[in-house]
Amino acid sequence: MARLLITGGAGFIGSHTCVVLLQAGHNLLVLDDFSNSTPLALKRVSALAQLDSQSSQVRLQVRRGDIRDQAYLDALFSKAASEGAPIDAVIHFAGLKAVGESVREPLHYWDVNLTGSRCLLDAMNAHGCHTLVFSSSATLYGYPERVPIPETAPIQPINPYGHSKAAVEQLLQDLAASAANQWRIACLRYFNPVGAHPSGKIGEDPLGTPNNLFPFLSQVAVGRRESLQVFGGDWPTSDGTCIRDYIHVMDLAEGHQAALDCLLAEPTQLLTLNLGSGQGASVLEVVHAFERASGRQVPYDLVARRDGDAAITVADPALALQRLGWQTQRDLDDICRDGWAWQSANPAGYNDPG
Ligand code: NAD
Ligand code: WQD
């Protein structure tokens with residue numbers, strides 16, 4: 001059992017990972033500025049992990065703060081140590097993730113994603129905590145030269161968001177190569193995280209209009225939006241729509257647990273792993289799977305391609321299986337069933353009493 005700092009733990013992937021880590025017996029300290037999430041998500045995490053109010057105060061502590069606030073981070077690590085419960089490891093989800101926004105606001109993205117990570121690493125180093133799981137992204141592969149994509153594929157991001165993730169990975173490689181290296185680091189390159197906890201209590205709740213396919217089509221199915229725009233019907237794929245590797249967020253959460261176990265059990269190392277299913281699904285296949293799961297029709301229009309999309313991205317997940325003994329357990333139908341359980345029980349996301 002470890003004491004873990006979870007940055008961005010109230011967000012989509014962080015909240016699901018918190019449930020898995022609490023159920024595994026770890027004690028969590030979540031740091032989030034709630035710029036893209038709500039503390040309500042963590043209340044539901046606590047309920048899902050069956051924590052009563054007394055154990056919750058120890059097992060799931062929540063702090064509102066910004067990862068760029070160096071003094072705040074220092075105080076957080078110091079306080080944990082002075083209370084006799086030092087932080088053993090960090091899972092670092094906090095960051096900004098909207099590709100289009102990153103093109104409009106590159107300085108903001110470099111600041112939160114790179115400066116924020118650098119501040120966190122500084123605080124960890126100063127307080128003798130050298131175990132880190134970092135949220136990286138398949139966005140690093142840009143337009144991949146071939147699929148499935150192994151971790152050795154060229155790193156060629158095509159937008160500021162991707163550049164900022166690549167820069168953090170480079171910083172982590174530099175740390176791992178430093179003379180006094182004590183670091184145990186896992187860079188996990190997620191493919192397309194979707195779905196929700198099967199209880200329907202927590203899920204993805206984007207602010208404003210969703211940028212991504214899955215939350216958009218869920219909101220169409222539940223009646224919050226009229227129809228889905230399918231970006232491009234003339235891609236070189238079997239039905240003309242883009243193919244992606246959609247990974248159930250609970251599989252992803254379990255991947256973090258496996259990565260953490262591996263880091264804590266072994267000497268210093270830098271693990272760089274794809275987390276994906278290895279299976280591709282087209283946009284229309286996702287739409288039809290969601291229609292089956294929800295029993296609702298999802299009206300859609302085929303429109304022009306979206307700038308910056310690749311025709312096909314699918315992970316080669318073999319290395320994660322070899323190093324962590326981890327592979328996805330849930331398929332597209334499970335993803336749609338659980339995504340619909342969340343969306344139908346919470347049509348307005350966390351604004352619903354749920
Ligand atoms: P999310 O926005 O739901 O969660 C991120 C959390 O970080 C939010 O709770 C937000 O409030 C918090 N946060 C943002 N800036 C902060 C700051 N300066 N200080 C403290 N907290 C801050 O996103 P998510 O989908 O859960 O993604 C988690 C991580 O995984 C991100 O780093 C993202 O780039 C990466 N990732 C996500 C995807 C995806 O498609 N969801 C794919 C690959 C990688
Ligand atoms: C999937 C497919 C769209 C919306 C993004 C980021 C990536 C990573 C995961 C963070 C594509 C199509 C979408 C819509 C559509 N995030 N689509 N209509 O672009 O594969 O990956 O999330 O690291 O960096 O780029 O995901 O869900 O936006 O799109 O037709 O309204 O759905 O064209 O083919 P993407 P997505």
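Description of the structure in this document. In this text, all values refer to a predicted model and were calculated from it rather than measured experimentally. (Residues numbered from 1 in each chain as written. Chains lettered and ligands numbered in written order. Predicted model: local features only at pLDDT ≥ 70, side-chain atom pairs only at ≥ 80, totals over all residues. Heavy atoms only, no water.)

This next bit is on helix H9 (residues 249-265). Given a rise of 1.5 Å per residue, 17 residues ought to cover 24 Å, and the 24 Å separating the end C-alpha atoms of H9 matches this to within 8%. Burial runs high along H9: 12 of the 17 residues are buried. Turning to H9, its buried residues number three or more, namely Val249, Met250, Asp251, Leu252, Ala253, Gly255, His256, Ala258, Ala259, Leu260, Cys262 and Leu263. (Helix = DSSP H or I, 4+ residues; strand = E, 2+ residues; numbered from the N terminus. Expected span 1.5 Å × (residues − 1). Buried < 20%, exposed > 50% of the residue type's maximum accessible area, 1.4 Å probe, protein only.)

If you walk across this open sheet you meet the 7 strands as S3-S2-S1-S4-S5-S6-S11, and the pairing is parallel. The open sheet has two edge strands, strand S3 (60-64) and strand S11 (269-275), and neither has a second partner. Pairwise comparison of adjacent strand axes, ignoring direction, gives a mean angle of 15° for this sheet. Relative to S3, strand S2 (residues 27-32) runs parallel, the two being bridged by 5 bridges. When the bridges of S3 are listed, leucine 28 appears paired with leucine 60. Along the sheet, helix H1 (residues 12-23) makes contact with strand S1 (3-7), S2, S3, strand S4 (89-92) and strand S6 (184-190), crossing S2 at roughly 165°. Its contacts with the sheet place H9 against S1, S4, strand S5 (131-137), S6 and S11, and it is angled at close to 160° to S6. (Pairing = 2+ DSSP bridges. Axes fitted to C-alpha atoms, helices over the stretch in contact; angles between N-to-C directions. Contact = heavy atoms within 4.5 Å.)

What follows deals with unusual backbone geometry. Negative phi is the rule for most residues except glycine; trans is the rule for most peptide bonds. Residues valine 147 and proline 148 are joined by a peptide bond in cis, for which omega reads -5°. Despite not being glycine, phenylalanine 34 has its phi angle at roughly 55°, a positive value. Turning to its location among the elements, phenylalanine 34 is positioned in the loop between S2 and helix H2 (39-48). Since its relative accessible area comes to 12%, phenylalanine 34 is described here as buried. With phi around 55°, glutamine 50 is a residue other than glycine that occupies positive phi space. Looking at where glutamine 50 falls in the secondary structure, it is placed in the loop between H2 and helix H3 (53-59).

The biggest cluster of nonpolar side chains holds 45 residues, and the ones touching the most others in it are Leu4, Ile6, Leu28, Val45, Leu188, Leu275 and Leu324. With 7 residues, the top contributor of residues to this core is H9. Grouped together as the second largest cluster of nonpolar side chains are 25 residues, Val220, Trp235, Leu284 and Phe290 included. (Core = buried A, V, L, I, M, F, W, Y, C linked by side-chain atoms within 4.5 Å.)

With that settled, the discussion passes to the site of ligand 1. The local shell around ligand 1 holds 26 residues, among which Asp32, Asn36, Ser37, Lys97 and Tyr161 are the closest. Here an oxygen atom of ligand 1 sits 2.7 Å away from a polar atom, N or O, in the side chain of tyrosine 161. Notes on ligand 1: free accessible area 820 Å², of which the protein chains cover 95%. Elements supplying a minimum of two residues to the shell around ligand 1: H1, S5 and helix H7 (160-176). With 3 residues, the single largest contributor to the shell around ligand 1 is S5. (Near = heavy atom within 4 Å. Polar contact = N/O pair within 3.5 Å; in protein donor to acceptor, adjacent residues only side chain to side chain. Areas by Shrake-Rupley, 256 points an atom, 1.4 Å probe, with all protein chains shown as cover.)

Another point: the site of ligand 2. Surveying the vicinity of ligand 2 reveals 19 residues, the closest of which are Ser137, Tyr161, Gln229, Arg244 and Asp309. Interatomic distance of 3.2 Å between a side-chain N/O atom of threonine 139 and an oxygen atom of ligand 2. Glutamine 229 places a polar main-chain atom, nitrogen or oxygen, 2.7 Å from a nitrogen atom of ligand 2. A total of 680 Å² of accessible area belongs to ligand 2 in isolation, and the protein chains cover 87% of it. If you tally residues by element for the shell around ligand 2, the top one is strand S8 (residues 228-231), at 4 residues. Grouping the constituent residues of the shell around ligand 2 by class yields 10 nonpolar, 6 polar and 3 charged. (Nonpolar A, V, L, I, M, F, W, Y, C, P; charged D, E, K, R; others polar.)

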